[in-house]
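What follows is each chain in one-letter form.
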Amino acid sequence: MGISRRKFIQLSSLASASLMVPDFLKGFEYRPIGAKGNKVLVIVQLSGGNDGLNTIIPCRNDIYYKSRPLIGIARDRALLLTDDIGMNPSLRILKQLYDEGHVSIINGVGYQHPNRSHFRSMDIWQTGSTANELVTSGWVGRYLDNACADCNAHNAMAIEVDDSLSLAMKGEERSAIAVKNINQFYNAATNSYLKKLATHEDEHDAQLASYLYKTLRETTSAADYIYAQSKIYNTAETYPDTEIGKRMKTIGSLIVSNAETRVYYVSHGSFDTHVNQKDRQEKLFEQLDAALGALVSDLKKNNRFDDVLVMAFSEFGRRVAQNASNGTDHGTANSMFFISGSLKKAGLYNDIPSLTDLDEGDLKYDIDFKRVYATVLDNWLTTNSRDILNKKYELLDFI
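Definitions and limits used
- Residues numbered from 1 in each chain as written.
- Predicted model: local features only at pLDDT ≥ 70, side-chain atom pairs only at ≥ 80, totals over all residues.
- Heavy atoms only, no water.
- Helix = DSSP H or I, 4+ residues; strand = E, 2+ residues; numbered from the N terminus.
- Buried < 20%, exposed > 50% of the residue type's maximum accessible area, 1.4 Å probe, protein only.
- Contact = heavy atoms within 4.5 Å.
- Areas by Shrake-Rupley, 256 points an atom, 1.4 Å probe, with all protein chains shown as cover.
- Salt bridge = Lys/Arg side-chain N within 4 Å of Asp/Glu carboxyl O.
- Polar contact = N/O pair within 3.5 Å; in protein donor to acceptor, adjacent residues only side chain to side chain.
- Core = buried A, V, L, I, M, F, W, Y, C linked by side-chain atoms within 4.5 Å.
- Pairing = 2+ DSSP bridges.
- Phe/Tyr/Trp six-rings, centres within 6.5 Å; stacked < 30°, edge-to-face > 60°.
- Axes fitted to C-alpha atoms, helices over the stretch in contact; angles between N-to-C directions.
- Parallel < 35°, antiparallel > 145°, perpendicular 65-115°, else oblique.
- Left-handed = near helix turned anticlockwise from the far one by under 90°.
- Nonpolar A, V, L, I, M, F, W, Y, C, P; charged D, E, K, R; others polar.

K.L.:
Looking at this model, I keep getting lost on the overall build of the protein chain. Mind explaining?
P.N.:
When helices and strands are counted, the protein chain shows 12 helices and 12 strands. When the 399 residues of the protein chain are sorted by exposure, 57% land in the buried category. Put simply, 74% of the contacts in the protein chain that link residues at least 6 apart link residues at least 24 apart. Entry remark: accessible area of the protein chain is about 17000 Å², with carbon and sulfur atoms responsible for 47%.

Laid out in structure tokens, this is it:
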């Protein structure tokens, strides 16, 4: 049976309106949960493949310096964690937090049959899959599917501070919301035309129309909530005037205002340092270090540091040997950082990978990244990781 001319006009009008909605408003359909004092996860993606060996440095290893005669970081420049291992000299605030017992470093993180393509390896990390699986939903998105099955609240449970969503934040049924600039997001989502459209959901029995109206209604509701939360707390902390600094300021303001958001996601980079790596990586680290330092200071002053876990990862590390352009090419295993006031095991969680036992010139992984995800899901977000990762992984004990 065909639809009436009136309904056809209504659907056509809705479809036209949807074209005017920015990408970050599309695909938002969930009712998240949360309460004051909830544990919060802040995920920092070091995009492009950060060089782990110039981040956590084997500064008494001759192979390291022979492999990197021009880009190796001298021991007297490294920030020493032990007598044999140092940290990149641009991570001074992170080193201070490390000394205070607020940083856990997990080395040799990767997966079996590593892929050296940016896109494929990032897909693997963001979906929480194995190298031979093709998964279309993200691990945080599936967490939303699981945690929000019976959600009734209106606000955003997971936010990516960007213009669009990463695959990690897209679930099978529900997704996070992308917000780079809260004021712009609020203005776009709550303009009078979209507000008016959002009130007409019950007038349409067509499934597509009902879904689109529901999406608009929930988006405008979330925009109202996020905007209101962002105005509760006006930080006195000085965040750096960089892209990553501005994004951390947004995250900090929402956390301190007790927004019910459980997961924040932010990207920094690119760390794809094929050419002149040393200066580029250290500049990116300076920006990251200052932004994280401001966030932690803000959280400490407002008694929220114990409730927050910052997790930093990259899609792969770099090769052991430098290339002819004073850079490094795509590698495999890497280090992950965790920052929190509630770590159970701080410091170096495990040894850095061997530089003599390599996989075709690359580091061999020691810890499957999905074990790390499972630990965060079970011990921090208090959900059942098996439901999200489709397998029970042995947990680590750093949180």
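K.L.:
Even after reading the chapter, I still don't get the environment of D99, so can you show me in this structure?
P.N.:
Locating D99 in the fold gives a position in helix 3 (residues 92-99). Distance in space between the C-alpha atoms of D99 and G347 is 8.2 Å, their sequence separation being 248 residues.

K.L.:
Just checking my understanding: could you explain the pattern of salt bridges for this structure?
P.N.:
Think of it this way: side chains of opposite charge can pair up when their charged atoms draw near. With the rule as written, the count across this model stands at 21 salt bridges. Across the pair R304 and D307 runs a salt bridge, and its minimum N-O distance is 3.0 Å. The partner of R371 in a salt bridge is E394, with the nearest N and O atoms 4.0 Å apart. Taken together, the residues R371 in helix 11 (residues 369-379) and E394 in the segment after helix 12 (385-389) connect sequence positions 23 residues apart. The exposed category is assigned to E394, whose relative accessible area is 58%. Linked through salt bridges whose partners overlap, the residues forming this network are R60, R75, D83 and D84.

K.L.:
Just to check I follow, could you spell out helix 11 for this structure?
P.N.:
In an α-helix, one full turn covers 3.6 residues, which means residues spaced three or four apart are oriented alike. Where burial is concerned, most of helix 11 is hidden: 10 out of the 11 residues are buried. Listed in full, the buried residues belonging to helix 11 are F369, K370, R371, V372, Y373, A374, T375, V376, L377 and D378. A side-chain oxygen of the first residue of helix 11 lies 2.9 Å from the backbone nitrogen of K370; this N-cap is D368.

K.L.:
What's the story with the nonpolar core in this structure? I'm lost.
P.N.:
Generally speaking, nonpolar side chains in soluble globular proteins are found buried as a group. Among the nonpolar cores identified, the biggest contains 54 residues, and V42, V44, M87, I226, M248, Y264 and I339 are the most heavily contacted of them. Residues within four places of I339 in sequence aside, it is in contact with L94, L97, H102, V103, L292, V296, F305, V308, L309 and V310. Among the nonpolar cores identified, the runner-up in size contains 45 residues, and W139, Y143, L309 and M311 belong to it.

K.L.:
Which parts of the structure should I look at to understand the pairing of strand 9 (residues 308-313)?
P.N.:
On a regular strand, each side chain points to the face opposite its neighbour's, so the side chains alternate between the two faces of the sheet. Across the 6 residues of strand 9, 6 count as buried, placing the element largely inside the fold. Burial of the side chains of strand 9 extends over both faces: V308, V310 and A312 are buried on one face and L309, M311 and F313 on the other. Direction of pairing for strand 1 (residues 40-46) relative to strand 9: parallel, over a ladder of 6 bridges. Residue pairing for strand 9: V40 is matched across the bridge by V308. Alignment of strand 9 against strand 10 (residues 334-340), held across 4 bridges, turns out to be antiparallel. From the neighbouring strand, L309 faces strand 10, where its bridge partner is S340.

K.L.:
How should the packing of aromatic side chains be read in this particular structure?
P.N.:
The geometry of two aromatic rings is summed up by the distance between their centres and the angle between their planes. Taken as a whole and judged by the stated rule, the model has 10 aromatic pairs. Measuring from ring centre to ring centre gives 5.1 Å for F369 and Y373, while their planes differ by 80 degrees; the resulting arrangement is edge-to-face. Remark: Y373 and F369 occur in helix 11; sequence separation between them is 4 residues, near one turn of the helix. You'll find F369 and Y373 in the same group, each marked buried.

K.L.:
Explain the pairing of strand 8 (residues 263-268) to me, please; I cannot follow it from the model alone.
P.N.:
A large share of strand 8 lies buried, amounting to 6 of its 6 residues. Sheet analysis places strand 1 next to strand 8, joined by 6 bridges and oriented parallel. Counterpart to V42 in the pairing with strand 8 is Y264.

K.L.:
For this particular structure, what's the right way to read the packing of helix 9 (residues 243-256) against helix 10 (residues 277-301)?
P.N.:
What describes two packed helices is the angle between their axes and the distance between those same axes. At a minimum axis distance of 9 Å, the contact between helix 9 and helix 10 shows a crossing angle of 15 degrees. In terms of orientation, helix 9 and helix 10 fall into the roughly parallel class. The two elements helix 9 and helix 10 cross, and the hand of that crossing is right-handed. Note on element contacts: helix 10 touches helix 9 through Q287, L288, A291, L292, L295, D298 and L299, opposite I244, G245, M248, G252, I255 and V256.

K.L.:
Looking at this structure, how should I read the environment of L46?
P.N.:
Turning to its location among the elements, L46 is positioned in strand 1. On the basis of relative accessibility, which here comes to 3%, the residue L46 falls in the buried class. A C-alpha to C-alpha distance of 5.2 Å links L46 and H268, two positions 222 residues apart in sequence.

K.L.:
Is there a simple way to explain the packing of helix 3 against helix 10 in this structure?
P.N.:
The N-to-C vectors of helix 3 and helix 10 enclose an angle of 45 degrees; their axes lie 8 Å apart at closest approach. As judged from the angle between their axes, helix 3 and helix 10 are oblique. Side by side, helix 3 and helix 10 meet where R92, I93, L94 and L97 of the first sit next to D289, A290, G293, V296 and K300 of the second. Of the residues contributing to the contact of helix 3 with helix 10, the split by class is 5 nonpolar, 1 polar and 3 charged.

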